[in-house]
Structures are given as structure tokens and as C-alpha cells.
Amino acid sequence: MGDIDVAIGIDADCVAGWLGSYGGEDSPADLSRGLSAGNEGIPRMLALFEEEDVTTSWYVPGHTIETFRENVEAIADDGHEIGIHGYSHENPTSLTREQEDAIMQASMDLVEEITGDRPVGHRASWWEFSENTPELLEEHDFLYDSSLMERQFEPGYVRKGDDWTKIEYENDAESWMEPYEYGEETDVVEIPISWFRDDIPPMQFIKQPNYNAGYASPRMIHEEIYEAQFDFLYNRRGAGVYTLTIHPDIHGLPHMIPLLEEFIQYVKSHEDAEFLTLEEIARKYEDDPSVYESETRYV
């Protein structure tokens with residue numbers, strides 16, 4: 001058995017999520033759900049993490065910091081890591097380089113005001129990279145990013161300059177029959193995430209722009225996906241990083257707290273599995289990239 005490290009990452013989208021992603025910018029009712037996430041969800045989750053003695057990583061939009069400052073200060077006071085996550089949960093692919101750069105800088109400044117330290121972690125809003133994101137991560141000297149999904153359980157390094165050819169049906173077929181081209185590695189560690197270990201897609205009710213019922217069974221999600229993926233890592237792969245991405249908007253709800261508690265206790269019941277922040281994982285990987293390599297044929 002190698003090292004198995006579990007990182008709980010909390011994306012504190014709150015009102016910002018409705019402004020930038022969930023189509024609620026004109027709905028006082030949807031915005032009130034974001035207010036509930038910031039005012040009630042964050043404290044509920046912090047209370048559980050304190051009870052379970054688990055340190056986590058929070059990715060907090062600048063809008064959330066300025067709207068719920070006392071609760072974000074409580075995140076830092078409890079010893080949790082805080083990284084950046086856009087300002088109003090903007091889609092990076094819709095931003096100019098200047099806009100994306102300005103948002104990164106402002107978000108970093110806001111986190112530093114709260115913690116006293118420059119943030120080392122970046123998580124892209126929408127989990128989308130623009131063509132400028134890798135170079136901006138380098139320029140701002142981030143230790144790590146956690147937005148991409150090339151691997152399930154093993155960190156790597158952010159690349160810049162990847163290239164691919166889109167299909168353009170009005171042209172000859174030969175014009176798009178080209179393989180994917182890998183770019184150049186940067187020094188920014190990439191810690192993978194997964195939509196299958198994220199609570200928003202199955203459990204967030206969204207009216208627009210694309211209707212999502214959001215009523216999947218939380219227990220089914222926890223047992224048949226979250227725990228099942230952990231079991232694969234633990235029993236078959238034998239080493240790696242497990243990232244769980246949750247939100248105060250979902251796991252801060254009353255019926256979700258007991259399930260999150262059960263998941264934490266489930267992981268704790270396994271020898272050699274440990275909860276770490278993503279910063280700790282990134283530094284560990286930098287020191288020894290082999291620490292999370294699979295000891296079996298499973299990847």
C-alpha cells in the first residue's frame with residue numbers, strides 16, 4: 001500500500017455561482033439560495049469539519065469573500081486552506097486575457113487580506129481553462145491548479161500550448177484528421193478533479209439556462225459513486241490522490257451534513273488513508289512525484 005491522500009475541496013460559489021454560471025442573475029429567489037449557502041451552509045460545514053478534525057481546501061470567489069467576509073474569515077481562522085475561484089464565477093473561455101488577469105489579481109489580493117498569505121492554489125470557475133490560463137498561472141506563480149481531469153487519481157503538471165483540430169464539416173475530411181498534440185509542461189502542479197466526485201451536477205436544482213432537476217438520491221451518490229471511487233483507489237490502485245468537490249450550496253444543506261459525516265468516517269476507517277489539503281498534496285508531489293504512482297496495473 002502506497003500513499004492514499006484524500007482532499008475535500010469546497011467551492012464556495014454561493015451568490016457568485018448564480019451570477020456567473022447557473023442562470024439566476026435575474027432571480028431574487030435563486031440569489032437567496034446563494035445567500036443561504038453563504039450564511040448557513042458555510043457555518044454548518046465548518047462545524048462538521050471541526051468535529052471530525054479534518055482540514056480542507058476552500059476555493060472562494062472574490063464575490064463570496066466580500067459578501068460573506070465574516071464566514072470566510074472563520075474558514076481561515078479554523079486553519080483551512082483558501083484558494084481562488086474567480087470573482088463572480090465567470091467562464092474563463094469568455095474572458096479576454098486582460099479580464100482574466102485582473103480577476104486573478106483581485107481574487108489573490110482578497111484572499112491575502114483574509115489569511116495574511118498569498119494563495120498558492122487556483123481552481124478555475126466552470127472548471128474551464130482559457131487559452132491564457134496556463135501562462136497566467138505561471139506568471140502569478142501558483143503552486144498548483146485543480147481544474148482539469150486528465151487523470152483520476154494522480155497529479156501531474158499543467159501544460160501550455162496543447163493543440164487540437166476541430167471538425168469543420170464544410171471542409172475536406174483531411175483538414176481535421178490530426179491527432180491531439182501535447183504542449184510544454186509548466187512548473188504548476190495539476191491535482192485532478194472529476195465531475196463524478198462533484199455534488200452540483202446530480203443534486204443542484206437549476207431552472208435555466210439548462211433545466212436540471214437536481215433530485216438524485218444523495219445516499220446513492222455517496223455510496224455508489226463517492227465511496228465506490230475511493231474503494232477502487234484503495235483496493236485496486238493502492239496509491240493516489242482522491243479529490244472530492246463539494247459546495248455549501250449542496251453539502252451545507254441539513255440533509256447532506258450527516259452524509260458528509262459518514263463519508264469522512266468511512267475514509268477514516270481505512271488504514272493508510274489520510275485527509276490532506278491540496279496544498280499539502282502539491283508540495284508532497286513536488287518533493288517526490290513517485291509517491292502517488294500506482295503499485296498495480298490499475299491507473
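Please read these numbers as outputs of a predicted model, since none were measured by experiment.

Another point: unusual backbone geometry. For Asp 53, which is not a glycine, the phi torsion comes out positive at approximately 55 degrees. Tracing the backbone through its elements, the reader meets Asp 53 in the loop between helix H2 (28-52) and strand E2 (57-60). Asp 53 gets classed as exposed once you look at its relative accessible area, which sits at 68%.

The next point concerns the pattern of salt bridges. Inspection of the entire model under this criterion finds 18 salt bridges. Here Asp 30 ties to Arg 33 by a salt bridge, and the two come within 3.1 Å at their closest N and O atoms. Remark: Arg 33 and Asp 30 occur in helix H2; sequence separation between them is three residues, near one turn of the helix. When its relative accessible area of 28% is taken as the criterion, Arg 33 is described as partly exposed. Put simply, Glu 223 and Arg 219 hold a salt bridge, and the shortest N to O gap is 3.1 Å. Within this pair, Glu 223 and its partner Arg 219 are both found in helix H8 (residues 218-237), separated by four residues, close to a single helical turn. Since its relative accessible area comes to 39%, Glu 223 is described here as partly exposed. For Arg 219, a relative accessible area of 36% translates into the label partly exposed. A cluster of three or more residues bridged by salt bridges with shared partners is formed by Asp 3, Asp 5 and Lys 284.

Turning to a negative patch on the surface, a few remarks are in order. Taken together, the side chains of Asp 141, Asp 187, Glu 286, Asp 287, Asp 288 and Glu 293 define an acidic patch exposed on the protein surface. Mapped onto the secondary structure, Asp 187 falls in strand E7 (residues 184-190). Residue Asp 187 is classed as exposed on the basis of its relative accessible area of 65%.

This part covers the pairing of E2. Neither face of E2 is open: one carries Ser 57 and Tyr 59, the other Trp 58 and Val 60, and all of them are buried. Sheet topology note: the strand E1 (residues 4-11)/E2 ladder contains three bridges and is parallel. Bridge pairing in E2 places Asp 11 opposite Tyr 59. When E2 meets strand E3 (residues 81-84), the two strands line up parallel, connected through four bridges. Residue pairing for E3: Trp 58 is matched across the bridge by Ile 82.

Now for the packing of aromatic side chains. The final tally for this structure, using the stated rule, is 15 aromatic pairs. Note on Phe 49 and Trp 58: the rings are 6.4 Å apart at their centroids and 85 degrees apart in plane angle, and the pair reads as edge-to-face. Between the aromatic rings of Phe 230 and Tyr 242, the centroid separation amounts to 6.0 Å while the plane-to-plane angle is 75 degrees, which identifies the pairing as edge-to-face. Of the two residues, Phe 230 sits in helix H8 while Tyr 242 sits in strand E8 (residues 240-246), which places them twelve residues apart along the sequence. Per residue, the accessibility class of Phe 230 equals that of Tyr 242, and both read buried. Ring pairing ties together the aromatic residues Phe 230, Tyr 234, Tyr 242, Phe 263 and Tyr 266, which thus form one cluster. Directly above the ring of Phe 142 sits Arg 118, whose terminal nitrogen or CZ lies 5.2 Å from the centroid. One cation-aromatic arrangement involves Arg 197 over Tyr 242; the distance from NZ or CZ to the ring centre is 5.1 Å.

Rules used in this analysis
- Residues numbered from 1 in each chain as written.
- Predicted model: local features only at pLDDT ≥ 70, side-chain atom pairs only at ≥ 80, totals over all residues.
- Heavy atoms only, no water.
- Helix = DSSP H or I, 4+ residues; strand = E, 2+ residues; numbered from the N terminus.
- Buried < 20%, exposed > 50% of the residue type's maximum accessible area, 1.4 Å probe, protein only.
- Salt bridge = Lys/Arg side-chain N within 4 Å of Asp/Glu carboxyl O.
- Patch = residues over 30% accessible without salt bridge, like charges linked within 9 Å, V, L, I, M, F, W, Y side chains within 5 Å.
- Areas by Shrake-Rupley, 256 points an atom, 1.4 Å probe, with all protein chains shown as cover.
- Lys, Arg positive; Asp, Glu negative; His and termini not counted.
- Charge placed at Lys NZ, Arg CZ, Asp CG, Glu CD.
- Pairing = 2+ DSSP bridges.
- Phe/Tyr/Trp six-rings, centres within 6.5 Å; stacked < 30°, edge-to-face > 60°.
- Lys NZ or Arg CZ within 6 Å of the ring centre and 35° of its normal.

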